Amino acid sequence: MQYHSTRGGSDRLDSAAAVLQGLAQDGGLFLPVEIPAFDWKTCLTYDTKKMAEKILSVFLPDIPQMDILVDKAYTGKFETEELTPTVPVGDFTVLELFRGPTSAFKDVALSMLPQLMTAAKTQKGMEEDILILTATSGDTGKAALVGFQDVPGIRICVFYPDGGVSQVQRRQMVSQEGKNVTVCAVRGNFDDAQTGVKNIFAACRDKEMPFALSSANSINIGRLVPQITYYFKAYQDLLSRNRIQLGDPVNFSVPTGNFGDILAGYLAKLLGLPVGKLICASNANNVLTDFIRTGTYDRRRPLYKTASPSMDILVSSNLERLLYLMSGDTALVAELMDKLNREGAYTVPESLLSQIQSQFWAGCCDDAGAAAAICRVWEKHRYLCDTHTAAGWAAAEDYVNQTGDKTPMVVLSTASPYKFPAAVLSAIGGDTAGDEFTQMERLESITGVKIPENLAGLRQKPERHTKVIAKEEMLDFVLML
Ligand SMILES: *Cc1c(COP(=O)(O)O)cnc(C)c1O
């Protein structure tokens, strides 16, 4: 199976090389030239890890011994062996993606990616070390640190904006153990940290380096594919609860940022899984809502800081993959992406828009709307959800109210409510006094929902990474590693 760029460049490479390279030479994203045939029905009879193995193998056939890699990635790392449990809540089913080592949905993919990278490295006979460079606004950093901790042949360095992540997120990162990990605060905001990382990539392109640079974000196909599994898992759960018969469609509502999570749902559908509508849920940063409703993508607008920070995004990179998958037209994709770059906006042709609208629906809500959803779900169903999941829940309700569609609905839950204790406490009418650790304890005593173990122990963890640097110092910092 060959991979090529969504923008039509001349790269043709196998799946192992695509995982190592990350981004295509022309700036596009890698996708297989053809979506492979897949026995999705048999896949639904397996346990979660075996499902992951089959799905990963079909997309990444050049990476051998996938069963062993899946075992290494997931065994003993998640709260349950099913990895991503589902919970019936009212008329909907919640798919809990936050039962991993850092209580974020990114654990599902970032537990797997290091295994795929090391295997691809061996497969290609690559001898030099890889250095993973990541700028984080919160959740990605910790999930990547845990995923790559002590993985041989790979080092990781995470930059976060000083004062720009939550107390819990900061403590999660600065307490990180491992011989191959570095964490460093940068004076400035997230954009400064991210621009700094991009500059390092540019500065190192033509330099003799003791390592190859790579990143852990969701443009890498090796991070996207592991996310397909939980759509199968959720479908299997609905089957075994007799909510559906084999072949019945299921809708999914997905709190969306970079469009990776929801795109994995579309890939599941392309593999044959009976996915109905994919509901794209946004917060006040509703670029995607406007796009799916009108066909015009326009990033020329302010970026709001919201209570669901992982969805605070103006350019959703993985949307490019959807544009390619639906149009099959690399020249069109290249043209649209060029427009986005130069003018800040593009409009897709009418035929492409109607294709998108036949598969996707979009909704959004601001912080007040999300808080109201958290409160509603708690009071009606005694289920506690975080601010991102609340946006997904609200969009699912809006969809059902506006369309009357009775297809079973799965709402993807992307973070533990304990990741955002102040917002969740205030949504259910609790007192938000004290620091985040105090708030977590209060939330637990009010709701009786247990604090995940990895977060409960954080307050006591020693701080190992306390360096703070200026953004101009980032390159030197990396060269000293
Ligand atoms: C990353 C993240 C998202 C967005 O996922 P994408 O794949 O970027 O669309 C939503 N919720 C949480 C909690 C996240 O960490």
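Overview of the structure. Residue numbers run consecutively from 1 along every chain, following the written order of its sequence. Totals for whole chains, interfaces and linings use all residues, but because this is a predicted model, local features are given only for residues with pLDDT of at least 70 and pairs of side-chain atoms are given and counted only at 80 or more. Each side-chain value is derived from all of the structure's non-hydrogen atoms; neither hydrogens nor water enter the calculation.

## Looking at the overall build of the protein
Helix numbering and strand numbering both begin at the N terminus, where a helix is a DSSP run of H or I of at least 4 residues and a strand a DSSP run of E of at least 2. Along the protein, the regular secondary structure elements total 21 helices and 15 strands. Dimensions of the protein, computed from C-alpha atoms along their principal axes, come out at roughly 60 × 55 × 45 Å. Note on classification: 1.4 Å probe, protein chains only; a residue is buried when its accessible area is under 20% of the maximum for its type, exposed when over 50%, partly exposed between these limits. For the protein, the proportion of its 481 residues judged to be buried stands at 57%. Only heavy atoms enter the contact rule, under which two residues are in contact if any of them lie within 4.5 Å. Relative to all contacts within the protein whose residues are 6 or more apart in sequence, the contacts with residues 24 or more apart total 74%. Values of accessible area rely on a 1.4 Å probe in the Shrake-Rupley scheme; residue burial ignores everything except the protein chains shown. When the accessible area of the protein is evaluated, it comes to approximately 18600 Å², of which 47% is carbon and sulfur surface. Charged residues are defined here as Lys and Arg on the positive side and Asp and Glu on the negative side; His and the ends of the chain fall outside this count. By convention, charge coordinates are those of NZ in Lys, CZ in Arg, CG in Asp, or CD in Glu. Between the mean site of the 47 positive side-chain charges and the mean site of the 56 negative ones, the protein shows a separation of 1 Å.

## Overview of the state of the cysteines
Cysteine sulfur pairs qualify as disulfides if the two atoms are within 2.5 Å. A complete count under the given rule lists zero disulfides for this structure. There is no disulfide at Cys375, and the cysteine sulfur nearest it, in Cys385, is 11 Å away. The cysteine Cys385 is free of any disulfide, with Cys365 supplying the nearest cysteine sulfur at 10 Å.

## Considering the side chain of Thr134
Of note, Thr134 is situated in strand β5 (residues 129-135). The class for Thr134 is buried, based on a relative accessible area of 5%. Apart from the residues lying within four places of it in its own chain, the contact partners of Thr134 are Thr140, Cys157, Val158, Phe159, Val197 and Ala216.

## Here's the deal with the pattern of salt bridges
By salt bridge we mean one thing: a side-chain nitrogen of Lys or Arg within 4 Å of a carboxyl oxygen of Asp or Glu. Evaluated as defined, the whole model comprises 20 salt bridges. Residue Asp237 is joined to Lys233 by a salt bridge in which the shortest nitrogen-to-oxygen separation is 2.7 Å. Note that Asp237 and Lys233 are positioned in helix α10 (residues 229-240) at a spacing of four residues, about one turn of the helix. Of the residues examined, Asp237 reaches a relative accessible area of 10% and is grouped as buried. A salt bridge links Arg300 to Asp298, with the nearest nitrogen and oxygen atoms 2.9 Å apart. Overlapping salt bridges, with partners in common, bring together Lys49, Asp71 and Glu81 in one network.

## As for the site of the ligand
Around the ligand lies a shell of 14 residues, among which Lys106, Gly257, Asn258, Asp261 and Thr414 are the nearest. Residues adjacent in sequence count toward polar contacts only when both atoms are side-chain atoms; beyond that, a polar contact is any pair of N or O atoms within 3.5 Å, and within protein one must be able to donate a hydrogen and the other to accept it. Gly257 places a polar main-chain atom, nitrogen or oxygen, 2.8 Å from an oxygen atom of the ligand. Notes on the ligand: free accessible area 380 Å², of which the protein chains cover 96%. Following the grouping adopted for this structure description, the nonpolar residues are Ala, Val, Leu, Ile, Met, Phe, Trp, Tyr, Cys and Pro, the charged ones are Asp, Glu, Lys and Arg, and the polar ones are all others, Gly among them. Among the residues forming the shell around the ligand, the class breakdown is four nonpolar, seven polar and three charged. It suffices for a single heavy atom of a residue to lie within 4 Å of a molecule or strand for the residue to be listed as near it.

## Observations concerning the environment of Pro421
You can see Pro421 is positioned in helix α18 (residues 421-427). You can call Pro421 buried: its relative accessible area is 1%. With sequence-adjacent residues up to four places away left out, Pro421 is seen in contact with Glu436, Gln439, Met440 and Leu443.

## Considering the sheet that holds strand β9 (residues 250-255)
For two strands to be treated as a pair, DSSP must find at least two bridges joining them. Strand order in the open sheet made by the six strands is β3-β4-β14-β9-β10-β13, with mixed pairing throughout. Here the strands that pair on one side only, and so sit at the sheet edges, are β3 (86-89) and β13 (360-364). Averaged over neighbouring strand pairs, the angle between their axes works out to 25° when direction is ignored. Bridge count between strand β10 (residues 275-282) and β13: five bridges; the pairing is parallel. Comment: axis = line fitted to C-alpha atoms, over the contacting stretch for helices; angle = value between 0 and 180 degrees taken between N-to-C directions.

## Some thoughts on the packing of aromatic side chains
Side-chain rings of Phe, Tyr and Trp (the six-membered ring for Trp) are treated as a pair once their centres are within 6.5 Å; stacked means planes under 30 degrees apart, edge-to-face means over 60, and tilted covers the remaining angles. Evaluation of the coordinates by the stated rule reveals 12 aromatic pairs. Judged by centre distance (6.0 Å) and plane angle (70°), the ring pair of Phe291 and Tyr346 falls under edge-to-face. Of the two residues, Phe291 sits in helix α12 (residues 287-294) while Tyr346 sits in strand β12 (residues 345-347), which places them 55 residues apart along the sequence. Classification of Phe291 as buried rests on a relative accessible area of 0%. Among the aromatic residues, ring-to-ring pairing joins Tyr230, Tyr231 and Phe252 into one connected group. Against the face of Tyr46 rests Lys50, its NZ or CZ located 4.6 Å from the ring centre. Counting as a charge over the ring demands two things of the Lys NZ or Arg CZ atom: a distance within 6 Å of the ring centre and an angle within 35 degrees of the ring normal. Directly above the ring of Trp361 sits Arg293, whose terminal nitrogen or CZ lies 5.8 Å from the centroid.

## Considerations on the pairing of strand β6 (residues 154-161)
Most of β6 is tucked away, with seven of its eight residues classed as buried. Bridge analysis of β5 against β6 gives six bridges, and the strand direction is parallel. The residue bridging Ile130 from the neighbouring strand is Ile154, located in β6. When the strands point away from the viewer, a crossover counts as right-handed if the path from the first strand over the helix to the second runs clockwise. With respect to chirality, the unit in which β5 leads through helix α6 (residues 139-148) into the neighbouring parallel β6 is right-handed. Bridge count for β6 against strand β7 (residues 181-187) is six bridges, and the pairing is parallel. Paired with Pro161 across the bridge in β7 is Val186. The handedness of the β6 to β7 crossover, carried by helix α7 (residues 167-174), is right-handed.

Everything listed here is a matter of geometry and, on its own, says nothing about what the molecule does.
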